[in-house]
Amino acid sequence: MQTHRAKRVEITIEQVMQSRLTTAIENAGVTGYTILPVFGGSGRSGKWARAGQISRAEGMLQVVCIVRPEKLDPLLKAAFAVVEKHIGVVCVTDCEVLRAERF
Amino acid sequence: MADIFALAAQNLISPVVLSFALGLFAALVRSDLSVPEAVAKALSIYLLFAIGFKGGVSVADHGIDAGLGLSLLAGVIMSALIPFIAFGLLRVLSSIDRLNAAAVAGHYGSISIVTFVAATSVLESQGIAAEGYMVAVAAAMEAPAILSALWLVSRGSNGHRMDSTLWREILLNGSIVLLVGSFIIGFATGPEGMEDISGFIVAPFTGVLCLFLLDMGLVAGRGMQKGHHVLGMGAILFGVLMPVTGSIIGFGCALLLGLSTGGTLLLMTLSASASYIAVPAAMRVALPEANPSIYLTLSLGVTFPFNLVAGIPLYLALAQAANGG
């Protein structure tokens, strides 16, 4: 089956930044993304877990976008402006999609 | 003094405080006990609705007077000014830098609604009435401290740290909307409305509070384990001295306002408590460089348990002494 090259961008970021990040992504021309809950983890800022959070201050989530290669740079620039000072990880991987016209 | 200790002892063996202690113990011994996130959220929604509704009914029952406006004004002023005292005290007592000290100060100017709920529960158990509008004062005290904290960081030029989205998130955060909204519903429906739903919001209240405080104990205990290494003795001392300082300010305001014994306790509790819901979220957005382990551990791991176990009985004894019982 015919597949098409695309880029998968995973941004793990603090919950409080969710709307700011998705707004920036949309403004960069990327309208398709998925928001995923994440259960916990450990990083430079220590361990954290989804359970036992009484405020949104410590929780994390993941925003996943799949875009055409030419849309990658604008997306990363927009995302970086939001996540620069915050706890999180931005990861880009190559992937293949079946319906290129959707991205 | 003997009365204070008797009240403190009585408070210590209440189901509410013991539930908190159980959660704290479970966390400190690394038990896998946990309250599911959605359940904890539902419990907090119940408590906020119940406390807001009861406050509204009380105001509907007794009528609005000048005390409401003056108490709101006093609450806003205290919330804005307490961060400056907290900032100075923390800088004197510890080596925490300016940015983190300002972030901590913002938490102490704002309020802990759970501590407020615990104080109302103590009043109910003692059969002491309070001004119903103190719920509105609690809502009004959430936000001004955040502005003071940001001013402390940037010395008056905080504009670049606040945007309209953050303003909306602070002023319309879920807790404030629910608290004020249920207060208005209680005010609009009055005692008749209370009669309709009292089986839901009066009888189960203390039991639900126990479960919520069990979860709070777990959260506080895990916060202590995670964050104790970032706090020195000076900072921990601050976590105990600051609520006492705040309560004295609240006590003075309550005397000036002529509040009842119950109202005095609630205003003291509000000014003594530190936020761990609204302010941490705002600080993560506005001051991402500040270390959340410092401010969350102080407000949740030191000041909250102190207020729950020792602070509230102490404040109540003072309020009773001032108001003659």
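Residues numbered from 1 in each chain as written. Chains lettered and ligands numbered in written order. Predicted model: local features only at pLDDT ≥ 70, side-chain atom pairs only at ≥ 80, totals over all residues. Heavy atoms only, no water.

Structural notes on the pattern of salt bridges
Counted under the stated rule, the structure contains five salt bridges over all chains. A salt bridge links K85(A) to E289(B); the nearest nitrogen and oxygen atoms lie 3.8 Å apart. Highlighted residues: K85(A) in the loop between α2 (72-83) and β6 (88-97) and E289(B) in the loop between α14 (278-286) and α15 (292-323), drawn from two different chains. Exposure remark for K85(A): the relative accessible area of 53% places this residue in the exposed category. Classification of E289(B) as partly exposed rests on a relative accessible area of 36%. (Salt bridge = Lys/Arg side-chain N within 4 Å of Asp/Glu carboxyl O. Helix = DSSP H or I, 4+ residues; strand = E, 2+ residues; numbered from the N terminus. Buried < 20%, exposed > 50% of the residue type's maximum accessible area, 1.4 Å probe, protein only.)

Concerning the interface of chain A and chain B
In this complex, chain A contributes 17 residues to the contact, which on the side of chain B involves 19 residues. Across the chain A/chain B interface, buried area totals approximately 1700 Å², and carbon plus sulfur atoms make up 55% of it. Our count for the contact surface shared by chain A and chain B stands at two salt bridges. Between R284(B) and E14(A) there is a salt bridge, with its nearest N and O atoms 2.4 Å apart. Counting across the interface, chain A meets chain B through two residue pairs in polar contact (both at pLDDT 80 or more). Residues belonging to the side of chain A that touches chain B are distributed by class as follows: six nonpolar, four polar and seven charged. (Contact = heavy atoms within 4.5 Å. Buried area = accessible area lost by both parts, 1.4 Å probe. Polar contact = N/O pair within 3.5 Å; in protein donor to acceptor, adjacent residues only side chain to side chain. Nonpolar A, V, L, I, M, F, W, Y, C, P; charged D, E, K, R; others polar.)

Some thoughts on a nonpolar patch on the surface
Residues and elements named next belong to chain B. A grouping of L70, L73, I77, L81, F84 and W151 is seen on the molecular surface, where their side chains present a nonpolar patch of about 570 Å² in accessible area. For the nonpolar patch, the element with the highest residue contribution is helix α4 (residues 66-93), accounting for five residues. Looking at where L73 falls in the secondary structure, it is placed in helix α4. (Patch = residues over 30% accessible without salt bridge, like charges linked within 9 Å, V, L, I, M, F, W, Y side chains within 5 Å. Areas by Shrake-Rupley, 256 points an atom, 1.4 Å probe, with all protein chains shown as cover.)

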